[in-house]
Amino acid sequence: MSETYTLVDATLKVIQDRRSIREYTAEPVSEKDLEMILEAARLAPSGENAQPWRYVVVRDAATRKKLGALAGGGSGRRFTAEFVTKKMQERFSSLEDEAKKKAAFEKLTSGKVSAFLADAPVCLVACGKKDVWDMPFDTSAAIENILLMVTALNLGACWVIAPCIDIRDEERLKGLLGIPEGFKAVSIISIGHPVRPHRPRPRLAVKELVFDEKWGERYFKE
Amino acid sequence: MENPTLALDYANDLMYEMEKAFWDERGRGARFRMMNVGREYYMEKCRPLLQQADQDTLVQAVMDLLKRDGIVADVSYVRDDRLLKVAVKGCLHQAVEAKLISRGVEPFTCVPANLIVLALEEKLDRPVELAEIKVENGACQLLLVVFDHHPTLD
């Protein structure tokens, strides 16, 4: 039975239903769905209407494997650094299950946490023109539009910065895809059909987030 | 140049201000954008000196250059499996770290470390991660992790 929503309720439902999905079925993402996703991205706001975003659609399996290796390599390096400096152990100190802790450490330090890009039917590489004022913010607005449209289409996506956050990896990514000097590789959004539903991650209560007129006085009282 | 000390103070002040601005902009993500700082110096001065392709020889060559060029007063290292623990004394840029620390910012970039990383990554094709920079007893203690190879998914 189809459900009917008001526009407000439908919008909120899409926002609430968005998840970071890292496991996909083999079903491809249709061209029609991809066009809807890119249309949502195109309509994002940008400073001075600069529209500095550009996208590379990657479906080729060999290229996706390289992207997965790049992401996994970067994540593996950074999380190993957290492990050898004991920061990871501090982060997981409240997890009492030793087996789960060990598995989490292995997933992070090996880079497997980010290597799933290789298995996503589509990797959408978001790039931003450097010669504008607000590129990081503009491209982030576009990426959020992408994630919400993906959700509305009953697909799943994950915003992956692992292949781009380190300047060395960003250079490798740009070299792989021929992204020119005037553009930054901002992030990769993996897209596909989710294998299974996911529970929402915990969120801070809104009263923790908002102040009244200036910093300090809570907007939402107890 | 009439006053070389003034020029260094001036340069370090600028470096501190730029690093602080970058920290203010990117927070803990800033460190990952700094790994190429020193690359021009590496390409012009360091790379021509790097002949042998083993880790110890490369690290030693970088350290010798840093001392010879007066960038550091002394530098030494210890290998502990995949960890490279480097101690730097009397670095030209020490004042930058001191100012960052005085403003509550943990040091997040290091030119001597970057030169070692650049050498090992280029000559050995081994990924390296700068895990930690600590300033203790007037010396910089660097912790680097040297990985065996870039991962593939083959």
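It should be noted that the structure appears before, not after, this text.
About the cut-offs
Residues numbered from 1 in each chain as written. Chains lettered and ligands numbered in written order. Predicted model: local features only at pLDDT ≥ 70, side-chain atom pairs only at ≥ 80, totals over all residues. Heavy atoms only, no water. Helix = DSSP H or I, 4+ residues; strand = E, 2+ residues; numbered from the N terminus. Rg over C-alpha atoms; globule rule 2.2 N^0.38 Å. Buried < 20%, exposed > 50% of the residue type's maximum accessible area, 1.4 Å probe, protein only. Contact = heavy atoms within 4.5 Å. Lys, Arg positive; Asp, Glu negative; His and termini not counted. Charge placed at Lys NZ, Arg CZ, Asp CG, Glu CD. Areas by Shrake-Rupley, 256 points an atom, 1.4 Å probe, with all protein chains shown as cover. Expected span 1.5 Å × (residues − 1). Arc of directions from axis to C-beta. Disulfide = S-S within 2.5 Å.

Asker: Give a description of the overall build of chain A that names residues and reports values.
Answerer: Tallying secondary structure elements over chain A gives 7 helices and 4 strands in all. Going from the N terminus to the C terminus, chain A shows its helices and strands as α-α-β-α-α-α-β-α-β-α-β. In terms of C-alpha radius of gyration, chain A reaches 19 Å, essentially the compact-globule figure of 17 Å for 222 residues. Projected onto its principal axes, the C-alpha positions of chain A cover 50 × 50 × 45 Å. Per-residue burial for chain A yields a buried fraction of 42% across its 222 residues. For chain A, restricting intrachain contacts to residue pairs at least 6 apart in sequence, the fraction spanning at least 24 positions comes to 76%. For chain A, the distance from the average site of its 35 positive side-chain charges to the average site of its 32 negative ones is 5 Å.

Asker: Describe the overall build of chain B, naming the residues involved and giving the relevant values.
Answerer: A tally of helices and strands in chain B yields 5 helices and 4 strands. Here the C-alpha radius of gyration of chain B, 16 Å, is about what a compact globule of 154 residues would show, namely 15 Å. The long-range share in chain B, meaning contacts at least 24 apart out of those at least 6 apart in sequence, stands at 55%. Accessible surface for chain B amounts to roughly 8,200 Å². Of this, 50% is attributable to carbon and sulfur atoms.

Asker: Tell me about the environment of A:Ala126, and name the residues and values.
Answerer: Residues and elements named next belong to chain A. The residue Ala 126 is located in strand β2 (residues 122–129) in this model. Relative accessible area serves as the criterion here: at 1%, Ala 126 is assigned to the buried category. Setting aside residues no more than four positions away along its own chain, Ala 126 makes contact with Arg 54, Tyr 55, Ile 143, Lys 184, Ala 185, Val 186, Ser 187 and Ile 189.

Asker: Got a sec to walk through helix α2 (residues 31–42) of chain A? Specific residues and values, please.
Answerer: Residues and elements named next belong to chain A. An ideal rise of 1.5 Å per residue puts 16 Å on 12 residues; α2 measures up with 16 Å between its terminal C-alpha atoms. All buried positions along α2 are accounted for by Asp 33, Leu 34, Ile 37, Ala 40 and Ala 41. Taken down its axis, α2 places every buried residue within 120° of arc, on the same side. More than 90 degrees from the buried face of α2, the exposed residues found are Lys 32 and Glu 35. Buried positions along α2 lie against β1 (53–58), β2, α6 (135–152) and β4 (183–192).

Asker: Could you give an account of the state of the cysteines, with specific residues and numbers?
Answerer: This model, assessed by the stated rule, comprises 0 disulfides over all chains. Sulfur of B:Cys91: no disulfide; nearest cysteine sulfur belongs to B:Cys140 and is 6.0 Å away.

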